[in-house]
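Chain and residue survey
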Amino acid sequence: MFSDVGTLEILTLVIMAIVVFGPDKLPKLIQDTMGFIRKIRSFADTAKEDIRSELGPEFKDFEFEDLNPKTFVRKQLMGGDEDPLGLKEMRDTLDIRSVLDDKPAAPVNGTGRSGSVSFDKSAAPAPAAAGAPLAPGERPPFDPDAT
């Protein structure tokens, strides 16, 4: 949450706190703030335990962190033994490096990893001139990046 706060910012906040509250009131203010944070944490822990006990034994392994969308997606896409959505097969067949490197996927049984037929650019006939009309029966050039 505060990973982008540097040392200079923290030092500035400490100096401002000393100036605003004074050196005599600052320790009491810090102590009261820490007590408030402890009460909030204990309240949250108690609420979590109450919810777990109300849900029953089938939800004993329920983690509230799993409700965070980032955690949920990461858990469903990256890990776990069960795969109800069939995402493991998609993850295994997708070749991200070929997409990022802008190269065709390596052929697997005559087809690219994504299931499309791989195309060799060197085998494509070069058009006579850009924009020149095609001869009858001549196939138009294939651009794998356009599809």
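Residues numbered from 1 in each chain as written. Predicted model: local features only at pLDDT ≥ 70, side-chain atom pairs only at ≥ 80, totals over all residues. Heavy atoms only, no water.

This paragraph deals with the overall build of the chain. Check the secondary structure of the chain and you find five helices and zero strands. Listing every helix and strand of the chain by position from the N terminus yields α-α-α-α-α. Counting only residues that meet the buried cut, the chain has 7% of its 147 residues in that class. Of the contacts formed within the chain by residues at least 6 apart in sequence, a portion of 7% connects residues at least 24 apart. Counting only carbon and sulfur atoms, one obtains 62% of the accessible surface of the chain, whose full area is about 13200 Å². (Helix = DSSP H or I, 4+ residues; strand = E, 2+ residues; numbered from the N terminus. Buried < 20%, exposed > 50% of the residue type's maximum accessible area, 1.4 Å probe, protein only. Contact = heavy atoms within 4.5 Å. Areas by Shrake-Rupley, 256 points an atom, 1.4 Å probe, with all protein chains shown as cover.)

Attention shifts here to the environment of E9. Mapped onto the secondary structure, E9 falls in helix α1 (residues 7-21). When its relative accessible area of 43% is taken as the criterion, E9 is described as partly exposed. Separated by 2.8 Å, the side chain of E9 and the backbone nitrogen of G6 make a polar contact. (Polar contact = N/O pair within 3.5 Å; in protein donor to acceptor, adjacent residues only side chain to side chain.)

When pLDDT is averaged along the chain, the result is 75; 63% of the residues meet or exceed 70. Across the chain, element-level confidence peaks in helix α2 (residues 26-55) with a mean pLDDT of 92 and bottoms out in helix α5 (residues 96-101) with 66. (pLDDT = per-residue confidence, 0-100.)

The next thing to look at is a nonpolar patch on the surface. On the surface, L8, L11, I15, V19, V20, F21 and L29 cluster together into a nonpolar patch covering about 700 Å² of accessible area. Element by element, the count of residues in the nonpolar patch is highest for α1, at six residues. Here L11 shows up in helix α1. (Patch = residues over 30% accessible without salt bridge, like charges linked within 9 Å, V, L, I, M, F, W, Y side chains within 5 Å. Salt bridge = Lys/Arg side-chain N within 4 Å of Asp/Glu carboxyl O.)

Turning to the pattern of salt bridges, a few remarks are in order. If you walk through the whole model with that rule in mind, you get two salt bridges. The partner of K28 in a salt bridge is D32, with the nearest N and O atoms 3.2 Å apart. Of the two residues, K28 and D32 are both situated in helix α2; the distance of four residues between them amounts to about one turn of the helix. Judged by its relative accessible area of 48%, K28 falls in the partly exposed class. A salt bridge links E49 to R52; the shortest N-O distance between them is 3.3 Å. Note that E49 and R52 are positioned in helix α2 at a spacing of three residues, about one turn of the helix. Given the relative accessible area of 48%, E49 is considered partly exposed.

A turn of α-helix holds 3.6 residues, and therefore any two residues three or four places apart point the same way. Counted at 1.5 Å a residue, the expected span for α1 with its 15 residues is 21 Å, and the 21 Å between its end C-alpha atoms agrees. Where α1 ends, the next residue or the one after it, G22, has phi of about 85°, a positive value. (Expected span 1.5 Å × (residues − 1).)

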